[in-house]
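# Commentary on secondary and tertiary structure
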Amino acid sequence: MTLALVGCQSWEVQYIIVNHVEPDHSGSIKNLLKIYPELKVVGNAKTIMMLRLLGVELPDERTMVVKEKDVLDLGKHKLTFYLMPMVHWPESMATYDITDKILFSNDAFGSFGALDGAVFDDEVNTDFFTDEMRRYYSNIVGKFGAPVNAVLKKLSSLEISCICPSHGLIWRKYIKELIERYQKWANMEPTKEGVVIVYGSMYGHTAEMAEYLGRELGNRGIKDVIIFDSSKTDHSYIFSTIWKYKGLMLGSCAHNNDVYPKMEPLLHKLQNYGLKNRYLGIFGNMMWSGGGVKKIKEFADSLPGLEQIGEPIEIKGHVTPIERDRLIELANLMADKLIADRK
């Protein structure tokens, strides 16, 4: 929770510091205000306004409004505050303990995934949390790369002994690596060579096309090729994997002159987030009037940060030997781009 409960040893809580007001962070405030009649809610002006919008009754005398770099002196501990608007809500902020050099980072540096047995990064194998952190970032914060970069710059002068996000591990050993990872994600920079292939298929023909593409990429030495059926995998995992790899290939059958329904929300989210720094190949299938490939092409054309590889391939019906050769050519164009980037 983004609730820092500050008080004396008798647990007569005096302050709640609210870094973020989404209900998973602030849902217990109503009860705490009843339990502790002297308690004050600490937040910026937007924090207090948004808590009231969520139905928290907050008279002015029970609030403490803070601004950037204000200091709350608790005696031994002195806390200061850094506003981080749109990471990922307008009122978001971080709290920094000047005494112990601990950054309470709110949703920044957070991850999905339950903590099983340990809470610190040096007590667990962090591979799982690295993946879950990328899934969390890409799906929750990913649209707000510019605000994230602004916050990283703002916090760069701080000496940090520990980062305590609202979700996931507490980081005290791999802080440098954590921040470097976040900077890449904020800039939508892929972290690995590889290709994500996502398709929507009704009768198996578009799925067949995806398999041909994947097989040829493997033949060319691209070791990471991940194929997703958009109907079977939760889009949060597809989105996270796209964030990781440089190559992307999107395919759809035609469905009522449009893209396959399970592909449409993925395209919408990628477009809304402004995906960039990726190579993109487009493929699909139709029986008479098409529409799926056209919709993917319109999506691609709306994002200048994508480099389209070759011409979109739209096949009628099953994959013939001639059409298979076209798919192999598209896969080779993608492989050529990725291999050239190694140099």
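Rules used in this analysis
Residues numbered from 1 in each chain as written. Predicted model: local features only at pLDDT ≥ 70, side-chain atom pairs only at ≥ 80, totals over all residues. Heavy atoms only, no water. Salt bridge = Lys/Arg side-chain N within 4 Å of Asp/Glu carboxyl O. Helix = DSSP H or I, 4+ residues; strand = E, 2+ residues; numbered from the N terminus. Buried < 20%, exposed > 50% of the residue type's maximum accessible area, 1.4 Å probe, protein only. Axes fitted to C-alpha atoms, helices over the stretch in contact; angles between N-to-C directions. Parallel < 35°, antiparallel > 145°, perpendicular 65-115°, else oblique. Contact = heavy atoms within 4.5 Å. Nonpolar A, V, L, I, M, F, W, Y, C, P; charged D, E, K, R; others polar. UniProt positions renumbered as here; feature names shortened; annotations may be inferred. Disulfide = S-S within 2.5 Å. Polar contact = N/O pair within 3.5 Å; in protein donor to acceptor, adjacent residues only side chain to side chain. Arc of directions from axis to C-beta. Pairing = 2+ DSSP bridges. Phe/Tyr/Trp six-rings, centres within 6.5 Å; stacked < 30°, edge-to-face > 60°. Lys NZ or Arg CZ within 6 Å of the ring centre and 35° of its normal.

Turning our attention to the pattern of salt bridges. Within the structure shown, the criterion is met by 18 salt bridges. For aspartate 301, the salt bridge is made with lysine 297, and the minimal N-O distance between the two is 2.9 Å. In this pair, aspartate 301 and lysine 297 are both assigned in helix α10 (residues 292–301), four residues apart and thus about one turn of the helix distant. A relative accessible area of 47% places aspartate 301 in the partly exposed class.

This part takes up the packing of helix α9 (residues 264–273) against α10. Two numbers describe a pair of packed helices, the interaxial angle and the distance between the axes. One can describe the packing of α9 onto α10 by two numbers: an axis separation of 10 Å at closest approach and a directional angle of 10°. In terms of orientation, α9 lies roughly parallel with respect to α10. Mapping the contact onto sequence places Glu264, Leu267, Leu270 and Gln271 in α9 and Lys295, Ile296 and Phe299 in α10. By residue class, the composition of the contact of α9 with α10 is four nonpolar, one polar and two charged.

Another point: the environment of glycine 27. Relative to the assigned elements, glycine 27 resides in the loop between α1 (23–26) and α2 (29–35). Each C-alpha atom, one on glycine 27 and one on leucine 51, is 9.8 Å from the other, the two residues being 24 residues apart in sequence.

In this numbering, the UniProt entry assigns the feature "domain: Flavodoxin-like" (unreviewed entry) to residues 195–335. As annotated, residues 195–335 comprises 43% helix and 28% strand, and the C-alpha atoms at either end are separated by 9 Å.

Each disulfide consists of one covalent bond between the sulfur atoms belonging to two cysteines. Evaluation of the coordinates by the stated rule reveals zero disulfides. Residue cysteine 162 stays outside any disulfide, its sulfur separated by 4.0 Å from that of cysteine 164, the closest cysteine.

Turning our eyes to something else, we now look at the side chain of threonine 80. Summarising the element assignment, threonine 80 is placed in strand β6 (residues 78–83). For threonine 80, a relative accessible area of 4% translates into the label buried. At 3.3 Å, the side chain of threonine 80 forms a polar contact with the backbone oxygen of lysine 69. Discounting residues that sit within four places of it in the chain, threonine 80 has contacts with Lys69, Asp70, Val71, Ala94, Thr95, Tyr96 and Ile98.

Let us look at α10. Turning to α10, its buried residues number three or more, namely Gly292, Val293, Ile296, Phe299 and Ala300. Seen from one end, α10 has its buried residues packed into an arc of 120°, which puts them on one side. Where α10 is buried, its residues touch β12 (245–255), β13 (258–259), α9, β14 (278–286), β15 (306–308) and β16 (313–316).

Right, let's talk about the sheet that holds strand β5 (residues 71–73) for a bit. Ordered by their spatial adjacency, five strands build an open sheet running β5-β6-β7-β8-β9, and the pairing between neighbours is mixed. Here the strands that pair on one side only, and so sit at the sheet edges, are β5 and β9 (162–165). Adjacent strand axes in the sheet meet at a mean angle of 20°, parallel and antiparallel pairs treated alike. Where strand β7 (residues 93–97) lies against strand β8 (residues 102–106), three bridges are found, and the strand directions are antiparallel. Pairing of aspartate 97 across the sheet is with isoleucine 102, part of β8.

Under the defined criterion, the tally for this structure stands at 10 aromatic pairs. With 6.1 Å between their ring centres and 55° between their planes, tyrosine 182 and tryptophan 185 make a pair best called tilted. With tyrosine 182 and tryptophan 185 both in helix α6 (residues 175–186) and three residues apart, this pair spans about one turn of that helix. On the accessibility criterion, tyrosine 182 (1% relative accessible area) is buried. By relative accessible area, which is 2% here, tryptophan 185 ends up buried. Connected via pairs of aromatic rings, a cluster forms that spans Phe109, Tyr137, Tyr182, Trp185, Phe239, Trp243 and Tyr273. Its guanidinium or amino end placed over the ring of phenylalanine 120, arginine 172 lies 3.7 Å from that ring's centre, counting from NZ or CZ. Geometry around tyrosine 279 places lysine 246 over its ring, the cationic atom sitting 4.8 Å from the centre.

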